[in-house]
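# Secondary and tertiary structure notes
So you can see what is in the structure, the chains are spelled out below.
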Amino acid sequence: MACIIFTDLDGTLLNGETYAYQAALPTLAKLADQGIPVIPVTSKTRQEVAQLRQDVGLRDPFVVENGSAIYIPIDHPGFALPPGDDVDGYRVLQLGCNYVTARAGLKAIAQDLGRPLKGFGDWTVDQVVQLTGLSFTEAKQAKAREFTEPFMTPKNVPADQLREAVAAMGFRVVIGDRFSHLIGSEAGKGHAVRQLVQLYQASSPEALPITTIGLGNSPNDLDMLENVDYPIVLPSAHGPHPQLADRGWQVAPAPAPEGWAIAVETVLAAVMA
């Protein structure tokens, strides 16, 4: 049986506080030996994920900026490359809008709401460091956006009102506790997951059904978790996120990265049995 693992990064594969991933390395090595792709699906930028893939040793495609684009390594795709542009050794499948469009969209939405909305494009690298706690290099990578604009979630605007204003301008929004992300109408983690499954399925000679496992830790991951066969929730030190805890999904026995490794090994053993 063919299997694909889709995973969020911060708080899921990486520890939410320390960003440690060492405890997941033996499991990642086993997955590589078995030819099971591990595909990051994240709100991070291409620069951020490229660095992390190098550090952790991931080789498979990855999804950036909340499902706005899929990057497929040209030398290691696992399937026939779909048509698209090539950038820095990757074939790019763009699902969302470009960054200029997202920036213009945020301005228009702010005008519509009559509220200032400030995003990453309004801040210097030093300001992003102060707001996020990232290092200078990480903040620079986080600002290297190609498709989406993270902005400070407005305190005085109800979520439904924000969603309506965003939809009226032809965008989607992923609302977070601190930052929200303005993304193109066709973007989304679920859309990206379905696209990748189709690409792998099309190149499977026996047309074996592909089993999908998804791991996430926040409401930002709902779109991905709702589009996989086996959704797994990674808890923080305080337990699973309230919006993910009540869905009947499996909760990993510990926070990342230990919980990630245990949950993946357990589900794989059951799936492959």
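All residue numbers refer to position in the chain's written sequence, counted from 1. Given that this is a predicted model, residues contribute local features only at a pLDDT of at least 70 and side-chain atom pairs are listed and counted only at 80 or more, while totals for whole chains, interfaces and linings are drawn from all residues. The side-chain quantities take in all heavy atoms of the structure and omit both hydrogens and water.

### Details of the pairing of strand β6 (residues 90–94)
The buried fraction of β6 is high, at four of five residues. Two strands are said to pair when DSSP picks up at least two bridges between them. Strands here are runs of E lasting at least two residues and helices are runs of H or I lasting at least four, both read from the DSSP assignment and numbered beginning at the N terminus. Bridge count between strand β4 (residues 69–73) and β6: five bridges; the pairing is antiparallel. When the bridges of β6 are listed, alanine 69 appears paired with glutamine 94. Pairing of strand β5 (residues 85–87) with β6 involves three bridges; the strand directions are antiparallel. Relative accessibility under 20% of the residue-type maximum defines a buried residue, over 50% an exposed one, and the middle range a partly exposed one, all with a 1.4 Å probe and only protein chains included.

### Structural notes on the sheet that holds strand β11 (residues 230–233)
Strand order in the open sheet formed by five strands is β2-β1-β10-β11-β12, with parallel pairing between adjacent strands. Strand pairing shows two members of the sheet lacking a second neighbour, β2 (38–40) and β12 (250–251), which therefore form its edges. By definition, residues are in contact when any of their heavy atoms lie within 4.5 Å. Between N-to-C directions, angles span 0 to 180 degrees; the directions come from axes that are lines fitted to C-alpha atoms, helices contributing only their stretch in contact. Most of the contacts of helix α7 (residues 189–202) go to strand β1 (residues 2–7), to which it runs at about 155 degrees, and overall it touches β1, β2 and β10 (210–216). Sheet strands in contact with helix α10 (residues 258–272) are β1, β2, β10, β11 and β12, and its direction is about 160 degrees off that of β10.

### So, the sheet that holds strand β9 (residues 179–184)
In a beta sheet, neighbouring strands are held together by backbone hydrogen bonds and run either parallel or antiparallel to one another. Strand order in the open sheet formed by three strands is β7-β9-β8, and the pairing between neighbours is antiparallel. The sheet is open, and its two edges are formed by β7 (149–152) and β8 (171–174), each paired on a single side. Pairwise comparison of adjacent strand axes, ignoring direction, gives a mean angle of 30 degrees for this sheet. Here four bridges tie β7 to β9, and the two strands are oriented antiparallel to one another. For phenylalanine 151, the partnering residue across the bridge sits in β9 and is serine 180. Its contacts with the sheet place helix α3 (residues 99–113) against β7, β8 and β9, and it is angled at close to 30 degrees to β7. Where helix α6 (residues 159–168) meets the sheet, it contacts β7, β8 and β9, and its direction lies at approximately 150 degrees from that of β8.

### Some details on the nonpolar core
Within this scheme, the nonpolar core is defined by two criteria: the residues are buried Ala, Val, Leu, Ile, Met, Phe, Trp, Tyr or Cys, and they are joined through side-chain atoms within 4.5 Å. The biggest cluster of nonpolar side chains holds 34 residues, and the ones touching the most others in it are Ile5, Leu28, Leu31, Leu215 and Trp260. Of all the secondary structure elements, the ones that give two or more residues to this core are β1, α1 (25–33), α2 (46–56), β3 (62–64), β4, β6, β10 and α10. With six residues, α10 is the largest single contributor of residues to this core. Discounting chain neighbours no more than four positions away, the residues touching tryptophan 260 are Ile5, Thr7, Thr12, Leu13, Ala24, Thr27, Leu28, Leu31, Val38, Leu215 and Leu234. Counting residues in each nonpolar core, the second largest holds 24 residues, with Phe6, Ile70, Ile72 and Leu93 among its members.

### Things to note about α1
Within α1, the full set of buried residues consists of Thr27, Leu28 and Leu31. Buried positions in α1, seen along its axis, are confined to an arc of 100 degrees and lie on one side of it. Counted as exposed and oriented over 90 degrees from the buried face of α1: Pro26 and Asp33. Residues of α1 that are buried sit in contact with β1, β2, α2 and α10. Along the arc lie the directions from the helix axis toward the C-beta atoms.

### Observations regarding unusual backbone geometry
A cis amide bond links alanine 256 with the next residue in sequence, proline 257, at an omega value of -5 degrees. Secondary-structure assignment places proline 257 in the loop between β12 and α10. Even without a glycine there, the phi angle at tyrosine 19 is positive, about 65 degrees. Positive phi, normally seen in glycine, also occurs at glutamate 65, with a value near 50 degrees. Along the chain, glutamate 65 turns up in the loop between β3 and β4. Residue classification places glutamate 65 among the buried residues on the basis of a relative accessible area of 0%.

### Quick notes on the pattern of salt bridges
Whenever Lys or Arg places a side-chain nitrogen within 4 Å of a carboxyl oxygen from Asp or Glu, that contact is recorded as a salt bridge. Enumeration over the complete set of coordinates arrives at 14 salt bridges. Aspartate 8 is the salt-bridge partner of lysine 189, the closest N and O atoms lying 3.9 Å from each other. With lysine 189 in helix α7 and aspartate 8 in the loop between β1 and α1, the pair connects residues that are 181 residues apart, well separated along the chain. Between aspartate 86 and arginine 91 there is a salt bridge, with its nearest N and O atoms 2.4 Å apart. On the basis of relative accessible area, arginine 91 is assigned to the buried category, the value being 15%. Linked through salt bridges whose partners overlap, the residues forming this network are Asp8, Lys189 and Asp221.

### Some words on the domain arrangement of the protein
The domain boundaries here were taken from an automatic or database domain assignment. Once the domains are mapped, the protein shows domain 1 (3–96 + 187–272) and domain 2 (99–184). On a C-alpha basis, the centroid separation for the pair domain 1 and domain 2 is 24 Å. Taken together, the two surfaces of domain 1 and domain 2 that pack against each other cover about 1400 Å², and 47% of this comes from carbon and sulfur. At the surface where domain 1 touches domain 2, the tally comes to three salt bridges. Those elements that provide at least two residues to the side of domain 1 that touches domain 2 are α2 and β4. At four residues, the largest contribution of residues to the side of domain 1 that touches domain 2 is made by α2. Looking at the side of domain 1 that touches domain 2, its residues break down into four nonpolar, eleven polar and four charged. Summed over both partners, the accessible area (1.4 Å probe) lost when two parts come together is defined as the buried area. Put simply, Ala, Val, Leu, Ile, Met, Phe, Trp, Tyr, Cys and Pro go in the nonpolar bin, Asp, Glu, Lys and Arg in the charged bin, and everything else, Gly too, in the polar bin.

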